[in-house]
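# A closer look at the structure
The chain contents come next:
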Amino acid sequence: MIDQIETAELHGQPVLKLQTPDGAVALISLFGAQVLSWTPAGGEERLYLSPQAIFDGSTPIRGGTPVCFPQFAGEGPLPKHGFARNRAWRVVSSRAGKDYAVATLRLEDDAATRALWPHAFAAEMSVSIGGDRLDMELAVENTGDTAFSFTAALHTYLKVREVESLRIEGLRGLEYRDSADGDTFKKETGVGVMIDDEVDRIYHGAPQTILVREDHRALGIHNENFPDVVVWNPWEHKCAQLADMPADGFRRMLCVEAAAVKTPIELAPGADWWGRQTLVAM
Ligand SMILES: O=P(O)(O)OC[C@H]1O[C@@H](O)[C@H](O)[C@@H](O)[C@@H]1O
C-alpha cells in the first residue's frame, strides 16, 4: 500500500505529494498552490519546472502551474500576475481512492492582500490526479459585502521535447491579442500553431479542447469556464533575460494557459466562480 497523500519538501519548501496506485504522481507547492510536477500513470513528466527556479518562499516559482489571481499579467495596477502565486496557501482537504487522489488548498484575504486589493475573498485550488488526467480547478468566492472583478489564469508550463517540433491544434480562426507585437489584434490562420520565435498571445473565445501534438505523443487540454487561452514562449532573447531559466529552457517548455482576461469576472457579494483546466496525456 502506498501513502497516497504525503507532505514533503522540495528545495526546502513544503509540498503535497499525490499518488495513485496506477502510478500517477503530482507535487503541489503550498507556496502559490502551484502544481510543480505531474506524471500520468505509466507516463513521463508532463510539466516543465525550470532547473533554475527559485524556492525562497517569496519569489514566484518558474514552472508547473502558477495561479494568476486576481490579475493576469500587467492587466491592472497589481504586481504582475496578481499575488496568489506568491502567497502561502493552506491545505483544507485531501482524499484518495483506488484510482484518484485529490487535494484542495485555500487562500483568504488578509491585511497584506487587502493592502494591494481591498476585497474580501476566498480562493480554493483543487488538484486531482488519476490515470492519464490532471484536473486543476480554481474557485473564487466573494466573502465581502461589495462587488469585485478580477482576471485570472492557470499558467501551465508544459514540458515538451523540442518546442520547434510541436503543433498546437484547435486555435484556427480565433482572434488573438498579440502581446509580442504591440498588443495588436490578429486572426489565427494556421491549422496547427508552430513555435519558432517569441509567442505571447491571448486567444479569445477558445474552444474547450486544444491538442498539443508532438512526435509519438500528444496532450489534450480541456478548459472550462476560462474563455481565453494564452500561449507563451519567451524564445531565446527573452529567456536569456529570465534569471530563473537556463539559456535553452525555452526549447523544453510551452505555456498553454487557461485564462479569463478579455472580460473580467464580476462577483457580487456572496457569489462564486470556478474555472478548470484538465490535461490528458495521450
Ligand atoms: O515572468 P512571469 O511574471 O512569470 O510572466 C511570464 C509570462 O506570462 C505570460 O502569461 C504572459 O503572457 C507573458 O507576457 C509573461 O512574460
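The written sequence of each chain sets the order in which its residues are numbered from 1. This being a predicted model, a pLDDT of at least 70 is required before a residue's local features are given, and a value of 80 or more before pairs of side-chain atoms are given or counted; all residues contribute to the totals for chains, interfaces and linings. Values shown for side chains rest on all heavy atoms present in the structure; no hydrogens or waters enter the calculation.

The protein chain is annotated in an unreviewed UniProt entry as Putative glucose-6-phosphate 1-epimerase from Zoogloea dura. UniProt positions are given in the numbering used here, feature names are shortened, and annotations may be inferred rather than shown by experiment. In its Catalytic activity (unreviewed entry) section, the UniProt record describing the protein chain reads: "alpha-D-glucose 6-phosphate = beta-D-glucose 6-phosphate". Taken directly from UniProt, the Sequence similarities (unreviewed entry) text for the protein chain runs: "Belongs to the glucose-6-phosphate 1-epimerase family."

## Looking at the overall build of the protein chain
Check the secondary structure of the protein chain and you find 2 helices and 21 strands. With the principal axes as the frame, the protein chain shows a C-alpha extent of 50 × 45 × 35 Å. Should any heavy atoms of two residues lie within 4.5 Å, those residues are counted as being in contact. For the protein chain, the share of sequence-separated contacts (at least 6 apart) that also reach a separation of at least 24 residues comes to 62%. All accessibility values rest on the Shrake-Rupley procedure with a 1.4 Å probe; residue burial counts only the protein chains present in the view. When the accessible surface of the protein chain is totalled, it reaches about 11900 Å², and 49% of it is carbon and sulfur. For the charge count, each Lys or Arg is scored as positive and each Asp or Glu as negative, with His and the chain ends excluded. Each charge is placed at NZ for Lys, CZ for Arg, CG for Asp and CD for Glu. The positive charge centre, built from 27 side chains, and the negative charge centre, built from 40, are 3 Å apart in the protein chain. For the purposes of this entry, the term helix denotes a DSSP run of H or I that reaches at least four residues, the term strand denotes a run of E that reaches at least two, and both are numbered from the N terminus.

## Some remarks on the pattern of salt bridges
Salt bridge, as used here: a side-chain nitrogen of Lys or Arg that lies within 4 Å of a carboxyl oxygen of Asp or Glu. Tallied over the full model, the rule gives 24 salt bridges. Here Glu44 and Arg161 are joined by a salt bridge, their closest N and O atoms 2.5 Å apart. Pair noted here: Glu44 is in the loop between strand E4 (34-39) and strand E5 (67-68) and Arg161 is in the loop between strand E11 (157-159) and strand E12 (167-169), with a separation of 117 residues, a long-range link. Arg251 is the partner of Glu164 in a salt bridge, and the nearest nitrogen-oxygen pair spans 2.9 Å.

## Looking at the site of the ligand
The immediate surroundings of the ligand are formed by Arg62, Phe72, Lys80, His81, Arg85, His155, Asp200, Val230, Trp232 and Glu257. Here Arg62 contributes a side-chain N or O atom positioned 3.0 Å from an oxygen atom of the ligand. Any pair of nitrogen or oxygen atoms within 3.5 Å is treated as a polar contact; in protein, a donor-acceptor pairing is required on top of that, and neighbouring residues in sequence qualify only through side-chain atoms on both sides. At a separation of 2.7 Å, an oxygen atom of the ligand approaches a polar side-chain atom of His155. Summarising the interface, the protein chains cover 84% of the accessible area of the ligand, which totals 390 Å² for the free molecule. The cavity that encloses the ligand is the largest pocket. Throughout, near means a residue has at least one heavy atom within 4 Å of the molecule or strand. With a 1 Å grid spanning the protein atoms alone, the term cavity applies to any set of points in which a 1.4 Å probe fits but cannot get out, the term pocket to an open set with protein on both sides within 12 Å along at least five of seven lines, and the term lining residue to any residue with an atom within 4 Å of a point. Cavities and pockets are treated as containing a molecule whenever more than half of the molecule's atoms lie within 2 Å of their grid points.

## Digging into the sheet that holds strand E1 (residues 5-10)
The criterion for strand pairing is that DSSP finds at least two bridges linking the strands in question. Overall, antiparallel pairing links the 4 strands, which are arranged E1-E2-E3-E4 in an open sheet. What marks the edges here is a single partner per strand, and that holds for E1 and E4. The mean inter-strand angle of the sheet, taken between neighbouring strand axes irrespective of direction, is 25°. Here strand E3 (residues 25-29) pairs with E4 via 5 bridges, running antiparallel. Where helices are involved, their axes are fitted lines through C-alpha atoms of the stretch in contact, as for all axes, and angles between N-to-C directions lie from 0 to 180°.

## What about the environment of Glu108?
By secondary structure assignment, the location of Glu108 is in strand E7 (residues 100-108). Each residue is assigned to one of three classes by its accessible area relative to the maximum for its type, calculated with a 1.4 Å probe on protein chains only: buried under 20%, partly exposed between the two thresholds, exposed over 50%. Look at Glu108 and you get partly exposed, because its relative accessible area is 33%. In sequence terms Glu108 and Phe185 are 77 residues apart; their C-alpha atoms lie 36 Å from each other. Discounting residues that sit within four places of it in the chain, Glu108 has contacts with Arg90, Phe121 and Ala122.

## A short note on the UniProt feature "active site" (unreviewed entry) in the protein chain
UniProt feature "active site" (unreviewed entry): in the numbering of this structure it lies at His155 and Glu257. Of the residues just listed, which span 103 residues, no C-alpha pair is farther apart than 4.6 Å, and they cluster in one region. Considered against the largest pocket, the annotated residues that line it turn out to be His155 and Glu257. A relative accessible area of 4% places His155 in the buried class.

## Some words on the sheet that holds strand E18 (residues 217-224)
The strand order across the open sheet formed by 9 strands is E6-E7-E8-E9-E21-E18-E17-E12-E15, and the pairing between neighbours is antiparallel. The open sheet terminates on both sides in strands that have one partner only, identified here as strand E6 (90-97) and strand E15 (192-193). Bridge count between E12 and E15: 2 bridges; the pairing is antiparallel. If you follow Ile168 over to E15, its bridge partner there is Val193.

## A few points about empty space enclosed by the protein
Grid points are joined across faces, edges and corners, and a volume is the space filled by probe spheres set on the points. Counted according to the given criterion, the structure contains 1 cavity of 30 Å³ or more. Roughly 40 Å³ of internal volume is contained in the largest cavity. Residue assignment for the lining of the largest cavity shows that the elements contributing at least two residues are E11 and strand E17 (209-214). We call Asp, Glu, Lys and Arg charged. Ala, Val, Leu, Ile, Met, Phe, Trp, Tyr, Cys and Pro are nonpolar, and the rest, Gly among them, are polar. Tallied by class, the residues present in the lining of the largest cavity amount to 4 nonpolar, no polar and 3 charged.

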